[in-house]
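Close look at the chain arrangement
Listed below are the residues making up each chain.
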Amino acid sequence: MTEIRHIFFDIGGVLGSNGWDREQRQCAVEHFGLNADDFQWRHEEVVGEWEEGRISIDEYLDVAVFYTERQFSREQFRRFMCAQSVPFEQTIRLARELSKDPRYTLMTLNNESEDLNIYRIEHFGISQIFEAFISSCWMGVRKPIRRFYQRALGIAHATPETSLFIDDRQQNLIPASSLGMNVMLFSTAEQLRSELERFLDLELSGA
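What counts, and where the lines are drawn
- Residues numbered from 1 in each chain as written.
- Predicted model: local features only at pLDDT ≥ 70, side-chain atom pairs only at ≥ 80, totals over all residues.
- Heavy atoms only, no water.
- Helix = DSSP H or I, 4+ residues; strand = E, 2+ residues; numbered from the N terminus.
- Polar contact = N/O pair within 3.5 Å; in protein donor to acceptor, adjacent residues only side chain to side chain.
- Contact = heavy atoms within 4.5 Å.
- Pairing = 2+ DSSP bridges.
- Axes fitted to C-alpha atoms, helices over the stretch in contact; angles between N-to-C directions.
- Right-handed = clockwise from strand over helix to strand, strands pointing away.
- Phe/Tyr/Trp six-rings, centres within 6.5 Å; stacked < 30°, edge-to-face > 60°.
- Buried < 20%, exposed > 50% of the residue type's maximum accessible area, 1.4 Å probe, protein only.
- Parallel < 35°, antiparallel > 145°, perpendicular 65-115°, else oblique.
- Left-handed = near helix turned anticlockwise from the far one by under 90°.
- Nonpolar A, V, L, I, M, F, W, Y, C, P; charged D, E, K, R; others polar.
- Expected span 1.5 Å × (residues − 1).
- Bend = angle between axes of the 7 residues up to and from the residue.

**A closer look at the side chain of histidine 43**
Structurally, histidine 43 is set in helix 2 (residues 36-51). A polar atom in the side chain of histidine 43 sits 3.2 Å from the side chain of arginine 25. With residues up to four places along the chain from it excluded, the contact list for histidine 43 reads Trp20, Arg25, Tyr60 and Ala64.

**Overview of the sheet that holds strand 3 (residues 132-135)**
Strand order in this open sheet of 5 strands is 3-2-1-4-5, and the pairing throughout is parallel. Both outer strands of the open sheet, strand 3 and strand 5 (182-185), are each paired with one neighbouring strand and no more. Averaged over neighbouring strand pairs, the angle between their axes works out to 25° when direction is ignored. In terms of strand pairing, strand 4 (residues 163-167) meets strand 5 through 4 bridges, oriented parallel. The residue bridging leucine 164 from the neighbouring strand is asparagine 182, located in strand 5. Relative to the sheet, helix 9 (residues 170-178) contacts strand 4 and strand 5, its axis offset from that of strand 5 by approximately 170°.

**Focus: the pairing of strand 3**
Pairing between strand 2 (residues 105-110) and strand 3: 4 bridges, direction parallel. Each residue of the ladder has a partner; that of threonine 108, found in strand 3, is phenylalanine 133. Regarding topology, helix 6 (residues 114-124) serves as the crossover connection from strand 2 to the parallel strand 3, and that connection is right-handed.

**Quick notes on the packing of aromatic side chains**
One pass over the full model with this rule turns up 13 aromatic pairs. Geometrically, the ring pair formed by tryptophan 20 and phenylalanine 39 is edge-to-face, given 6.4 Å between the ring centres and 65° between the ring planes. Here tryptophan 20 is found in the loop between strand 1 (6-9) and helix 1 (22-32), whereas its partner phenylalanine 39 is found in helix 2, with 19 residues between them in sequence. Assessed through its relative accessible area of 5%, tryptophan 20 is described here as buried. Judged by centre distance (4.0 Å) and plane angle (10°), the ring pair of tryptophan 50 and tyrosine 60 falls under stacked. Highlighted residues: tryptophan 50 in helix 2 and tyrosine 60 in helix 3 (residues 57-64), separated in sequence by 10 residues. A relative accessible area of 2% means that tryptophan 50 is categorised as buried. Clustering of aromatic rings is evident, with ring pairs tying together Trp20, Phe32, Phe39, Phe66, Phe72, Phe77 and Phe80.

**Topic: the packing of helix 5 (residues 89-99) against helix 10 (residues 189-200)**
The geometry of a pair of packed helices is captured by two quantities: the angle between their axes and the separation between those axes. Running from amino to carboxyl end, helix 5 crosses helix 10 at an angle of 25°, the nearest separation of the two axes being 9 Å. Between helix 5 and helix 10, the interaxial angle falls into the category roughly parallel. For the crossing formed where helix 5 meets helix 10, the hand is right-handed. Within the contact between the two elements, helix 5 uses Gln90, Thr91, Leu94 and Leu98 and helix 10 uses Ala189, Leu192, Arg193, Leu196 and Leu200. Across the contact of helix 5 with helix 10, the residue classes break down as 6 nonpolar, 2 polar and 1 charged.

**Thoughts on the environment of isoleucine 129**
Among the structural elements, isoleucine 129 can be located in the loop between helix 6 and strand 3. What makes isoleucine 129 buried here is its relative accessible area of 5%. Along the primary structure isoleucine 129 and arginine 96 are separated by 33 residues, whereas in three dimensions their C-alpha atoms are 5.5 Å apart. Sequence-distant contacts of isoleucine 129, that is, excluding residues within four places in its chain, are made with Ile92, Ala95, Arg96, Ser99 and Leu106.

**Some words on helix 2**
Owing to its 3.6 residues per turn, the α-helix aligns residues three or four sequence positions apart on the same side. With 16 residues, helix 2 ought to run about 22 Å at 1.5 Å a step, and its terminal C-alpha atoms sit 21 Å apart, in line with that. Along helix 2, the largest kink reaches about 40° and is centred on glutamate 45. When helix 2 is considered as a whole, its buried residues turn out to be Phe39, Gln40, Arg42, His43, Val46, Val47, Gly48, Trp50 and Glu51. Contact partners of the buried residues in helix 2: helix 1, helix 3, helix 4 (74-83), helix 6 and helix 7 (136-139). Phi turns positive, to about 80°, at glycine 53, one or two residues after helix 2.

See the structure below:
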């Protein structure tokens, strides 16, 4: 049995829906009647700077959406963006149960812009579960860049060998594993509960 002291959760895709990924943007295209190709190109131009905290949400929207006159307001679009965030209650219950065990310190590792990140933390009700939210908007670097994980381990004062990282994307797990972190690919809350019980040698409810 591996002695784990830090457990890191991704947010989008594990604790809830993605914040502003391809499927959410497609919904915006359909809802607001945007040109899909143009929106995608403009999004890609600035998403890195936005998620790494170098520009604000208004600067992102200036480039991606409001470079021309629209029939809808900026506030309507921002409300729509937030409305795409849906918590995964079963996974959140698992994390909450783990957080009660004094052996583990729980934190998140996620790529997110600041405004959406803060909204999702509050909307998902997870501020009392995790000790820290290690997010790209505050780190200045995104997964799967290796430096992201190195900085996260430093902030947590954690060693790779006693850390477990849970993410729904294999490409985000590979660099963590290469640093010596234990990793777990998420697919469902039930699968995660089963793997956590086996890996940590405990019993969990809630999924």
